[in-house]
Amino acid sequence: MNTQVPLIEARNVWKQYGDNVVLERLNLRIEEGEFCAVVGASGCGKTTFLRMVLGEEPPDRGQILLAGQPLRMEPDAERGIVFQRYSVFPHLTVLGNVMLARELKGSKVLGRLFGARRRAAQEEALALLSQVGLDNAQDRYPSELSGGMQQRLALAQSLIARPRILLLDEPFGALDPGIRHDMHKLVTTLWREHQLTILMITHDLKEGFALGTRLFVFDKVRADPQAPDAYGARVTYDLPLNKSVPALAPA
Amino acid sequence: MKRLINLQPPRICAVMLALLPFVFAFFAYVSFSNERLMANPNDKLLPAMSSFGAAIERMALVPSKRSGELLWWVDTASSLRRLGTAVVISSAIGLVVGIALGALPLVSAGMSPFVASLSMIPPMAVLPILFIVFGLGELSKVVLIVFGIAPVIARDIQGRVREIPRELIVKAQTLGASTWLVILRVVLPLALPRLIDAVRLSLGAAWLFLIAAEAIAATDGLGYRIFLVRRYLAMDVILPYVLWITVLAFTMDRLLRFLGRKAFPWHHAGASV
């Protein structure tokens, strides 16, 4: 058993909407550096759980801890996110999208950088863009990019903010199979090189097995056919997959 | 033969089709006018083209005997100044209020029903109040237009801001944005193209309120002139003025559209949000 404080810990989390119990007594721990995949049927509460980790919704009971501290109940820069759609800003160029996090952090009033600081942010963004294979598209707008390129951009955009945990909400669900395979390779590489902790929601079991170092399966353990909403899902399988977790570089 | 809904006119054909109603209206007017003038050469209702030419020359090129001004251009300048001032003020109010209502649930809870009620008041009904409060000068005319179109623009912007996918707002926060920066870097730029469209759509109403205010109390302006010469049944001045107002309104609409396309290329590149 790991004795260090896990990066994310869910303790006895319940969530229900009216009479519909979505999650019940959900417990899980995510260690730093892990690539956790959450799979489960539609409506099993995976997205609800992600929204709670993101801080968009509070749990009804129990708590979720980030490095031992209760989560802030609103999205912040500790948790990065890539959604399936609408992850990049349509009014910014590719380069502008990636620089945004730097500009937001570096300039609290205008949200824009100038001069040397702008050039530094630009270089950092360009380096990330070349890692995700978008260095030739820096001046284009997202509407001119394919779905796969938009998701590459969304990854680069999140990474520049250096989140403690990167949340992926079915990030490759809308992509063609061939593109999806390329994206799997890319996200694995990024996870290694940036020593990320990733929590990925997917409905594709194969994708979960292929990418994760750990697989959580959400399912209902009790079911009442007369009242299908009466019981919620919890983690029914917690499978460590045999992949080498990259050693964390000393701080 | 294709179905009617699938028939596209070729380019040349489309231009001809577009011109056709104008040409038709012109010839219809000329023939009716000729008919009436044939029966009564002093008829004032449908003046001949030559009368229009004379009236335009008198209004636009010859200084007025009373004031020494070129009335046509003085009227145009006064009206455009009032309209421009009002539209700029309305856009600013509409943008700020609309974004506040759309992006901040607390503001929306407190102000949304109020703004919705405000936009339901018929502006012409409060015109007497405006004249009493602001006097008969420029201010009351500008305030009338602002009162008429700012709430509409605000509600349009509010609607647009609420349409912004929740994901983008969340994403900006995960990149470190405060409320202010979410508004400045995400909400505002996404709302601006809609502002252009909202202003284009409210231009018609703005002209309506302008003409109405000028008709009631003014000493110059396009609306003032039309209502002044109405006393003499001077159709030869009224019709060119109406046409001129239409040309001005049409040009403004096209300019705004052009401005929108130049300023927000991403909005017209098939963006889905």
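A quick note: this is a predicted structure, and the numbers were derived from the prediction, not measured.

## What about the overall build of chain A?
Next, step 1: Scanning chain A for helices and strands turns up 6 helices and 10 strands.
Next, step 2: By the compact-globule yardstick of 18 Å for 251 residues, chain A fits well, its C-alpha radius of gyration being 19 Å.
Next, step 3: Each principal axis of the C-alpha atoms in chain A carries an extent, and together these give about 60 × 40 × 40 Å.
Next, step 4: Split into buried and exposed, the 251 residues of chain A put 44% on the buried side.

## Section: the overall build of chain B
Next, step 1: Counting its regular elements, chain B contains 10 helices and 0 strands.
Next, step 2: What you see for chain B is a C-alpha radius of gyration of 24 Å, clearly larger than the 19 Å of a compact globule of 273 residues, by over 25%.
Next, step 3: Considering only C-alpha atoms, chain B reaches an extent of 75 × 65 × 30 Å along its principal axes.
Next, step 4: Taking contacts inside chain B between residues at least 6 apart in sequence as the whole, the part at least 24 apart equals 70%.

## What to know about the packing of helix 2 (residues 94–106) of chain A against helix 4 (residues 147–159) of chain A
Residues and elements named next belong to chain A.
Next, step 1: Where helix 2 meets helix 4, the closest approach of the two axes is 7 Å, and the angle between their N-to-C directions is 25°. If you check the angle between helix 2 and helix 4, you find them roughly parallel. For helix 2 against helix 4, the interelement crossing comes out right-handed. Along the contact surface, helix 2 presents Val94, Asn97, Val98, Leu100 and Ala101, while helix 4 presents Leu153, Ala156 and Gln157.

## So, the interface of chain A and chain B
Next, step 1: Across the contact, 26 residues belong to chain A and 22 residues belong to chain B.
Next, step 2: Among the secondary structure elements, those contributing two or more residues to the side of chain A that touches chain B are strand 6 (79–82) and helix 2 of chain A.
Next, step 3: Per-element accounting of the side of chain A that touches chain B gives the leading share, 4 residues, to helix 2 of chain A.
Next, step 4: Looking at side-chain class alone, the side of chain A that touches chain B contains 14 nonpolar, 5 polar and 7 charged residues.

## A few points about the domain arrangement of chain A
All names here are of chain A.
Next, step 1: Taken as a whole, chain A is organised into domain 1 (1–78 + 164–251) and domain 2 (89–162).
Next, step 2: Domain 1 and domain 2 are separated by 26 Å when their C-alpha centres are compared.
Next, step 3: Residue-level contacts link 13 residues of domain 1 with 9 residues of domain 2.
Next, step 4: Top element by residues in the side of domain 1 that touches domain 2 is helix 5 (residues 177–193). It accounts for 6 residues.
Next, step 5: A breakdown of the residues in the side of domain 1 that touches domain 2 according to their chemical character gives 11 nonpolar, 1 polar and 1 charged.

## Digging into the pairing of strand 9 (residues 214–220) of chain A
All names here are of chain A.
Next, step 1: Counting buried residues along strand 9, 6 of its 7 residues qualify, which places the element largely inside the surrounding structure.
Next, step 2: Direction of pairing for strand 3 (residues 35–40) relative to strand 9: parallel, over a ladder of 5 bridges. The residue bridging Gly40 from the neighbouring strand is Phe218, located in strand 9.

## Some remarks on the pairing of strand 6 of chain A
Residues and elements named next belong to chain A.
Next, step 1: Going residue by residue along strand 6, you find Arg79 and Ile81 tucked away on one face and Gly80 and Val82 tucked away on the opposite face as well.
Next, step 2: Of the strand pairs in this sheet, strand 6 and strand 7 (residues 165–169) are connected by 4 bridges, and their pairing is parallel. Residue Arg79 lies in a different strand from strand 7, and its bridge partner there is Ile165.

## A closer look at the confidence of the model for chain A
Atom-level detail of predicted coordinates should not be read off regions where pLDDT is low.
Next, step 1: Looking at chain A, the pLDDT average stands at 87 and 95% of residues meet or exceed 70.
Next, step 2: Below a pLDDT of 50 lies the segment residues 246–251 of chain A, which in the model reaches 7 contacts outside its immediate sequence neighbourhood of four places, other chains included.

## Remarks on the nonpolar core
Next, step 1: In this structure, A:Val38, A:Ala156 and B:Ile145 are the most contacted members of the largest nonpolar core, which totals 113 residues.
Next, step 2: Sort the elements by how many residues they give to this core and helix 8 (residues 179–216) of chain B lands first, with 16 residues.
Next, step 3: No fewer than three residues from each of domain 1 (1–78 + 164–251) and domain 2 (89–162) of chain A sit in this core.
Next, step 4: When neighbours within four sequence positions are excluded, A:Val38 is seen to be in contact with A:Lys46, A:Phe49, A:Leu199, A:Met200, A:Ile201, A:Phe216 and A:Phe218.
Next, step 5: Counting residues in hydrophobic clusters, the runner-up holds 7 residues, among them B:Trp72, B:Ile226, B:Val237 and B:Tyr241.

## So, the packing of helix 5 (residues 123–134) of chain B against helix 6 (residues 138–163) of chain B
Residue and element names in this part refer to chain B.
Next, step 1: Their axes nearest at 9 Å, the elements helix 5 and helix 6 cross at an angle of 145°. With respect to the hand of their crossing, helix 5 and helix 6 are arranged in right-handed fashion. Between helix 5 and helix 6, the residues in contact are Pro123, Val126, Leu127, Leu130, Phe131 and Phe134 and Leu139, Ser140, Val143, Leu144, Phe147 and Gly148, respectively.
Next, step 2: For the contact of helix 5 with helix 6, a count of residues per class yields 10 nonpolar, 2 polar and no charged.

## Thoughts on unusual backbone geometry
Next, step 1: A positive phi is found at A:Tyr86, a non-glycine position, where the angle reads about 55°.
Next, step 2: Among the secondary structure elements, A:Tyr86 is positioned in the loop between strand 6 and helix 2.
Next, step 3: Not every positive phi belongs to a glycine, and B:Leu233 is a case in point at roughly 55°.
Next, step 4: In this fold, B:Leu233 is placed in the loop between helix 9 (222–229) and helix 10 (235–263).
Next, step 5: Under the C-beta neighbour-count criterion, B:Leu233 is labelled exposed, with 11 such atoms within 10 Å.

## Some words on helix 4 (residues 105–120) of chain B
Residue pairs spaced three or four apart in an α-helix point in one direction, given the helix's 3.6 residues per turn.
All names here are of chain B.
Next, step 1: In this model helix 4 runs 22 Å from its N-terminal to its C-terminal C-alpha over 16 residues, within 8% of the 22 Å that 1.5 Å per residue would give.
Next, step 2: Bending of helix 4 peaks at approximately 50° at the position of Met111, with proline Pro113 no more than four residues after it.
Next, step 3: Little of helix 4 sits inside the fold, with 0 of its 16 residues counted as buried.

## As for the environment of B:Tyr29
Next, step 1: Structurally, B:Tyr29 can be placed in helix 1 (residues 11–39).
Next, step 2: Separated by 128 residues in the primary sequence, B:Tyr29 and B:Ile157 have C-alpha atoms spaced 42 Å apart.

The rules behind these values
- Residues numbered from 1 in each chain as written.
- Chains lettered and ligands numbered in written order.
- Predicted model: local features only at pLDDT ≥ 70, side-chain atom pairs only at ≥ 80, totals over all residues.
- Helix = DSSP H or I, 4+ residues; strand = E, 2+ residues; numbered from the N terminus.
- Rg over C-alpha atoms; globule rule 2.2 N^0.38 Å.
- Buried ≥ 20, exposed ≤ 12 C-beta atoms within 10 Å, placed from the backbone.
- Contact = placed C-beta atoms within 7 Å.
- Axes fitted to C-alpha atoms, helices over the stretch in contact; angles between N-to-C directions.
- Parallel < 35°, antiparallel > 145°, perpendicular 65-115°, else oblique.
- Left-handed = near helix turned anticlockwise from the far one by under 90°.
- Nonpolar A, V, L, I, M, F, W, Y, C, P; charged D, E, K, R; others polar.
- Domains from an automatic or database assignment.
- Pairing = 2+ DSSP bridges.
- pLDDT = per-residue confidence, 0-100.
- Core = buried A, V, L, I, M, F, W, Y, C linked by C-beta atoms within 7 Å.
- Expected span 1.5 Å × (residues − 1).
- Bend = angle between axes of the 7 residues up to and from the residue.

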